[in-house]
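Residues per chain, in single letters:
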Amino acid sequence: MTGKPLLVLDRINSFYGPVQVHFDLSLTVPEKAIVCLLGGNASGKSTTMKTILGLKTPQSGHVLLEGRDITGAPTAEIVRAGISVVPEARRLFGEMTVRENLLMGAYVRADKAAIAEDYDRVLELFPRLRERLRQKAGTMSGGEQQMVAMARALMGRPKLICMDEPTMGLSPLFVDRVLELIATVNKTGVSVLMVEQNASMALRIADYGYVLQSGRIALEGPARDLLADPRIRTAYLGETIE
Amino acid sequence: MESLLSLPWFDFTISGVVIGSIYALMAVGLALIFGVANLINFAHGSVFTVGSYIGWTCAVALGLPLWATVLVVAAAGGIVGALIELLAIRPLNHQSRIAPLLATIGVGLILDQIVHIIFGANPRALPVSLPNLRFSIGSGTIGAIDITIFVTGVISALALYLFLFHSKLGMAVRATAQDGDAARQMGVGINAINMTVFGIAGALGAIAGLLVGIYYNSIDPNASFEIMLKGMVAIVIGGMSNVPGAIGGGLILGLIESYGIALFGASYRDLFAFAVLLLMLLLRPNGLFARAHAREAEPMTGTFVTRAKPVRIPAWALVAGAVLIALVPALGQPYLTQVMTNALLYALAAMSLTLVAGTLGLISIGHAALLAVGAYASALLTMAGLPVALGLVLAAAITAVLGAALTYPAFRLRGHYVAIGTLAIGEIVALVILNWTSLTHGSMGLYGIPPLELFGIPLFSTNASYWFVLALVIVFALLQMRLLSSHLGRTWRAIREDTIAAETYGVASNYYKGLAFGFAGFVAGISGAVSAHQFSYINYDTFNLLTSVLILTIVILGGLGNVTGAIVAAIIVAGLPEVFRTLAEYRMLFYGMALLLLIRFRPQGLMGSD
Ligand SMILES: Nc1ncnc2c1ncn2[C@@H]1O[C@H](COP(=O)(O)OP(=O)(O)O)[C@@H](O)[C@H]1O
Ligand SMILES: [Mg+2]
């Protein structure tokens with residue numbers, strides 16, 4: 001893998017009550033890269049996101065951002081340090097306007113002038129949203145909502161965006177469009193950690209991929225290699241990788 | 001018709017709007033808190049009372065002008081609200097969601113007691129000099145007080161609007177109310193938001209207290225509960241977390257009350273509120289203004305604690321305990337025996353509630369109503385000439401039937417709504433007792449209830465009645481334990497864990513809930529009936545909210561669902577304060593603290609829950 005490591009998960013073990021969800025989970029997101037975390041239902045993908053954001057403290061192991069230990073730190077601090085999120089199912093504030101949703105993305109920031117700058121920049125990236133600023137986010141189509149969610153994440157001026165199943169529930173046409181957008185966002189210099197069930201789609205734009213199975217990394221490698229790997233298929237049929 | 005039309009409708013409308021705007025002030029705070037913290041703040045009425053007394057201190061004791069009084073009251077109310085969040089709610093962050101609701105009941109009792117200690121238990125006047133203006137409009141008039149209250153309400157609403165829609169913190173409050181998890185992921189500090197919302201609610205509630213005091217020129221240290229209920233009815237009308245809806249709900253309730261009083265008389269005032277509440281819960285639980293696609297309130301099971309394995313006590317120890325308790329009269333202390341009799345009557349009531357709240361998972365805050373039904377039934381029957389033994393049994397049977405029938409509307413409710421619904425049902429029972437004068441003698445109460453006796457054998461000596469009550473406790477405890485380990489008990493627990501799943505397996509949950517309330521009603525009815533014969537006098541207030549809270553505290557202390565626990569806890573909670581006189585004097589403080597500390601440090605109770 002190339003590039004300086006931006007985010008490192010180091011041997012994470014986490015539990016819900018007595019049930020262990022992660023077993024020595026380690027992964028690295030390099031600067032400016034798109035990394036894809038693949039896994040079936042209930043394999044622990046969303047819990048990985050929660051762990052990164054400090055919403056869930058692992059029993060052992062560390063989360064490092066640019067070498068700094070942020071394990072279990074308050075979410076506000078982690079967001080301020082440069083990690084934004086596109087949550088599972090987007091989770092927009094449906095009763096609030098698009099504009100307000102974007103501003104919520106910058107909630108932890110106090111630099112008014114820079115926020116205004118980012119606001120313009122984000123709207124340039126997503127011109128569709130400019131006409132919809134006063135519309136309630138909940139009334140938009142799935143694809144548009146995904147744009148708002150991404151724009152909202154960018155408003156935090158992040159170094160890394162964590163996306164939890166960004167293509168979930170979108171029509172095939174929109175899936176392509178969203179993947180394009182992710183690539184565009186990435187080109188602005190932001191790293192992306194993308195959690196997906198949809199392997200072949202996600203790997204097409206990713207640099208590197210991990211396959212998570214029942215809380216363990218079962219397979220990893222450059223996206224190109226994984227795409228060609230027949231075992232990826234097996235993983236998605238729920239069979240164990242030898 | 002003629003006479004109806006000639007009523008001063010304009011004046012009734014004005015007073016409806018004025019009282020309604022006070023309800024709206026209360027309701028807005030409740031709605032904000034419900035939205036952000038998913039919690040019904042039962043301490044909200046006490047903040048109102050605190051506000052009225054701080055208002056009295058400023059306006060009367062210190063002689064401050066009205067505008068300064070309003071500002072001080074708002075600031076103080078805000079601080080009280082924020083402190084409630086910090087001290088009582090925040091530590092419960094990781095407990096299940098009904099825990100903070102119970103904590104706010106404890107906080108309310110404590111605040112009320114503090115007001116009692118400082119200012120005494122009697123109402124006092126709150127004279128505020130306002131310009132002596134009256135505007136005549138048609139046949140009606142509007143006074144300076146009406147205008148002051150309405151304008152203060154409007155200014156508060158405007159300030160709230162500006163905060164919510166034109167400040168960053170306000171935006172975060174709205175975001176959190178819509179989706180707390182998503183807000184957290186944006187880096188919103190939920191504690192700060194909760195505290196903000198409690199602070200705002202406190203400020204508005206305290207202002208409402210001041211305004212009511214000015215309106216009636218009277219403040220009352222016992223007003224908390226009633227006004228809290230009014231606010232709650234308003235948010236149920238408005239749709240729980242809907243802030244504009246809460247304002248609408250408050251005004252609607254104010255008008256309904258005002259017109260209702262015009263038509264039926266003032267003694268029915270509270271009945272309108274609760275009738276509206278029940279109707280709303282049953283017909284439009286999402287409120288009048290809910291949109292079709294409104295997010296359904298998240299279901300919340302009645303289970304509110306991490307369950308701990310119940311402490312198994314060997315049979316010989318239970319027998320030894322029963323023998324020891326039976327020997328209490330041998331100590332030769334009649335006062336102690338009386339206290340213990342009373343504690344055992346509470347044990348019966350607690351056994352009844354622990355079945356409903358613990359085993360079945362329906363946290364009821366209106367359990368005193370069952371005691372009242374039993375007490376009145378037995379008192380009336382025996383005063384009409386029936387033997388006491390028959391009166392007791394019939395009263396218990398009547399309570400069983402009424403208990404199941406009255407709570408039937410609450411069966412389809414869940415979580416917080418059960419708490420609200422049972423509370424409303426309990427209040428309605430009290431109001432019916434108060435207003436059904438021909439049967440119950442209304443506020444006079446019933447005098448000269450025959451003393452305890454069974455088939456001609458007198459049981460009214462201190463020791464005899466003690467043993468009689470103890471025998472009842474033992475019999476019903478054994479019966480209840482037997483039921484719990486039967487198929488019936490397993491079905492009840494299955495309904496508690498997951499009503500919907502239980503129903504998909506073919507369990508007719510309403511039938512089983514009815515059985516539970518029937519049994520619980522029988523036991524509670526006996527407890528109330530025996531109390532009536534013990535006291536020889538009862539009135540509508542003998543079994544009130546404090547009784548309900550006390551029983552609930554006992555049940556939690558004993559461990560939800562735990563029969564032995566309920567008995568032990570009843571002896572501790574209902575017995576202890578009477579033995580120590582100072583505790584009895586500050587009873588509400590004691591109960592409030594007990595409830596608060598329990599939920600914080602030992603939510604699974606002394607003996608574990610099952
Ligand atoms: N809050 C929670 N409490 C208990 N168990 C949970 C919780 N969240 C997730 N789990 C469990 O942890 C496992 C992993 O969940 P998750 O990380 O959401 O998986 P994924 O996102 O890959 O579908 C699942 O078995 C799930 O049931
Ligand atoms: Mg997931």
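Residues numbered from 1 in each chain as written. Chains lettered and ligands numbered in written order. Predicted model: local features only at pLDDT ≥ 70, side-chain atom pairs only at ≥ 80, totals over all residues. Heavy atoms only, no water.

Remarks on the interface of chain A and chain B
To keep it simple, the criterion reads: Residues are treated as being in contact if the distance between any of their heavy atoms lies within 4.5 Å. Each of two parts loses accessible area, computed with a 1.4 Å probe, when they are put together; buried area is these two losses added. What counts as a salt bridge is simple: a side-chain nitrogen of Lys or Arg found within 4 Å of a carboxyl oxygen of Asp or Glu.
Contact residues are listed per partner, giving 22 residues for chain A and 18 residues for chain B. The contact between chain A and chain B buries some 1800 Å² in all, and 61% of this surface belongs to carbon and sulfur atoms. The three residues of chain A that bury the most area against chain B are Arg91, Phe93 and Tyr107 of chain A, which together make up 35% of that side's buried surface. Linking chain A to chain B there are 3 salt bridges.

Things to note about the sheet that holds strand 1 (residues 5-16) of chain A
Whenever strands of a sheet pair, they do so through backbone hydrogen bonds, lying parallel or antiparallel. All names here are of chain A. We count it as follows: Two strands are said to pair when DSSP picks up at least two bridges between them. Counting from the N terminus, the helices are DSSP H or I runs at least four residues long and the strands are E runs at least two residues long.
Taken in spatial order, the 4 strands make up an open sheet running 2-1-4-5, and their pairing is antiparallel. In this open sheet, the two strands that pair with only one neighbour each are strand 2 (19-30) and strand 5 (68-69). Judged from the 5 bridges that link them, strand 1 and strand 4 (residues 60-65) form a sheet pairing that is antiparallel. If you follow Leu9 over to strand 4, its bridge partner there is Val63.

Quick look at the domain arrangement of chain B
Residues and elements named next belong to chain B. Which entries qualify depends on this criterion: Domain start and stop positions are those given by an automatic or database domain assignment. As used in this structure description, the phrase polar contact means that two N or O atoms lie within 3.5 Å; if the pair is within protein, one of them must be able to donate a hydrogen and the other to accept it, and residues adjacent in sequence are counted only when both atoms belong to side chains. Only Asp, Glu, Lys and Arg are considered charged, only Ala, Val, Leu, Ile, Met, Phe, Trp, Tyr, Cys and Pro nonpolar, and every remaining residue, Gly among them, polar.
The domain boundaries assigned to chain B delineate domain 1 (14-283) and domain 2 (343-545). Distance between the C-alpha centres of domain 1 and domain 2: 33 Å. Taken residue by residue, the interface counts 25 residues in domain 1 and 19 residues in domain 2. Across the domain 1 to domain 2 interface the summed buried area is about 1900 Å²; carbon plus sulfur atoms make up 84%. Of all residues in domain 1, the largest losses of buried area upon contact with domain 2 belong to Phe225, Leu281 and Leu282, amounting jointly to 29% of the total for that side. Where domain 1 meets domain 2, there are 0 salt bridges. Along the contact surface separating domain 1 from domain 2 lie 0 residue pairs in polar contact (both at pLDDT 80 or more). Of all the secondary structure elements, the ones that give two or more residues to the side of domain 1 that touches domain 2 are helix 5 (98-119), helix 10 (224-238) and helix 12 (269-283). Per-element tally for the side of domain 1 that touches domain 2: the top contributor is helix 12, with 8 residues. Looking at side-chain class alone, the side of domain 1 that touches domain 2 contains 21 nonpolar, 2 polar and 2 charged residues.

Here we look at the sheet that holds strand 10 (residues 216-222) of chain A
Residue and element names in this part refer to chain A. Rules: Fitting a line to C-alpha atoms yields each axis, with helices limited to the stretch in contact; the angle taken between N-to-C directions then spans 0 to 180 degrees.
The 6 strands lie next to each other as 6-7-8-3-9-10, forming an open sheet whose pairing is mixed. Edge strands, defined here as strands with exactly one partner in the open sheet, are strand 6 (83-86) and strand 10. Adjacent strand axes in the sheet meet at a mean angle of 15 degrees when their direction is disregarded. Note: strand 7 (residues 160-164) against strand 8 (residues 191-196), 5 bridges, orientation parallel. Among the inter-strand pairings, Leu160 is bridged to a residue of strand 8, identified as Ser191. The sheet strands contacting helix 6 (residues 142-154) are strand 6 and strand 7, and the helix crosses strand 6 at an angle near 170 degrees.

Observations regarding the site of ligand 1
Residue and element names in this part refer to chain A. Rules: Being near a molecule or strand, for a residue, comes down to having at least one heavy atom within 4 Å of it. Residue exposure ignores everything except the shown protein chains as possible cover, and the areas themselves are Shrake-Rupley values with a 1.4 Å probe.
Around ligand 1 lies a shell formed by Tyr16, Val21, Gly40, Asn41, Ala42, Ser43, Gly44, Lys45, Ser46, Thr47 and Lys50. One nitrogen or oxygen atom from the main chain of Ser43 is found 3.2 Å from an oxygen atom belonging to ligand 1. One of the side-chain nitrogen or oxygen atoms of Thr47 is found 2.5 Å away from an oxygen atom of ligand 1. Contact with the protein chains covers 58% of the free accessible surface of ligand 1, which is 560 Å². Broken down by element, the residue count for the shell around ligand 1 peaks at 4 residues, all from helix 1 (residues 45-52). Looking at the shell around ligand 1 residue by residue, the classes come out as 3 nonpolar, 6 polar and 2 charged.

Focus on the packing of aromatic side chains
This is how the line gets drawn: Think of it this way: a Phe, Tyr or Trp ring, Trp meaning its six-membered ring, pairs with another when their centres are within 6.5 Å, and the plane angle makes it stacked under 30 degrees, edge-to-face over 60, tilted otherwise. Buried means the residue's accessible area, taken with a 1.4 Å probe over protein chains only, is under 20% of the maximum for its type, while exposed means over 50%, and partly exposed covers the values in between. Whether a charge sits over a ring comes down to the Lys NZ or Arg CZ being within 6 Å of the ring centre and within 35 degrees of the ring normal.
Evaluation of the coordinates by the stated rule reveals 12 aromatic pairs over all chains. Residues Tyr53 of chain B and Phe119 of chain B carry aromatic rings whose centres are separated by 4.6 Å and whose planes lie at 40 degrees to one another, so their mutual orientation is tilted. In this pair, Tyr53 of chain B is assigned in helix 3 (residues 44-61) and Phe119 of chain B in helix 5, connecting sequence segments 66 residues apart. In this structure, Tyr53 of chain B and Phe119 of chain B share a single accessibility class: buried. Ring centres of Tyr215 of chain B and Tyr216 of chain B lie 5.0 Å apart, and the angle between their planes is 75 degrees; this geometry places the pair in the edge-to-face category. Site record: aromatic cluster; members linked through ring pairs are Trp9, Phe12 and Tyr259 of chain B. Residue placement shows Arg124 of chain B over the ring face of Trp56 of chain B; its charged tip is 4.4 Å from the ring centre. The ring of Tyr107 of chain A carries Lys168 of chain B above its face, with NZ or CZ at 5.3 Å from the centroid.

Examining the domain arrangement of chain A
All names here are of chain A. Taken domain by domain, chain A comprises domain 1 (1-82 + 159-242) and domain 2 (85-157). Each of domain 1 and domain 2 has a C-alpha centre, and the two are 23 Å apart. With 23 residues of domain 1 in contact, the opposing surface of domain 2 contributes 17 residues. The junction of domain 1 with domain 2 conceals about 1700 Å² of combined surface from both sides, 71% of it contributed by carbon and sulfur atoms. Together, Ile161, Phe174 and Leu181 form the three largest contributors to the area buried by domain 1 at its contact with domain 2, with a combined 23%.

Looking at the pattern of salt bridges
Applying the stated criterion across every chain, the model contains 22 salt bridges over all chains. The shortest N-O distance in the salt bridge between Asp181 of chain B and Arg91 of chain A comes to 3.7 Å. One end of the pair, Asp181 of chain B, is in helix 8 (residues 180-185); the other, Arg91 of chain A, is in the loop between strand 6 and helix 3 (98-105), on a second chain. The class of Asp181 of chain B is partly exposed, set by a relative accessible area of 40%. Close ionic contact of Arg177 of chain A with Glu180 of chain A constitutes a salt bridge, the shortest N to O distance being 3.7 Å. Taken together, the positions of Arg177 of chain A and Glu180 of chain A, both in helix 7 (residues 172-187) and 3 residues apart, correspond to about one turn of that helix. Arg177 of chain A gets classed as partly exposed once you look at its relative accessible area, which sits at 33%. One continuous salt-bridge network, built from bridges that share partners, spans Arg109, Asp111, Glu117, Asp118, Arg121 and Arg157 of chain A.

Examining empty space enclosed by the protein
Here the idea is plain: a probe the size of a water molecule rolls over the atoms and shows the empty space left. Under the convention used in this document: In this analysis a 1.4 Å probe is tested at points of a 1 Å grid over the protein atoms alone, and where it fits but cannot get out there is a cavity; an open set with protein on both sides within 12 Å along at least five of seven lines is a pocket; lining residues have an atom within 4 Å of a point. Grid points are joined across faces, edges and corners, and a volume is the space filled by probe spheres set on the points.
Counting across every chain of the model gives 2 cavities of 30 Å³ or more. Here the largest cavity defines a volume of roughly 110 Å³. Gly366, Ala369, Leu370, Thr407 and Ile425 of chain B are, among the 15 residues lining the largest cavity, the residues nearest its centre. At the level of elements, helix 15 (368-383), helix 16 (388-407) and helix 17 (416-435) of chain B are the ones that each hand at least two residues to the lining of the largest cavity. Taken as a whole, the second largest cavity spans an internal volume of roughly 50 Å³. Taken together, Val79, Ile83, Ser84, Val85, Gly105, Arg152 and Ala153 of chain A together with Gln185 and Met186 of chain B form the lining of the second largest cavity. Ranked by residue count, the leading element in the lining of the second largest cavity is strand 6 of chain A, at 3 residues. Across the lining of the second largest cavity, the residue classes break down as 5 nonpolar, 3 polar and 1 charged.

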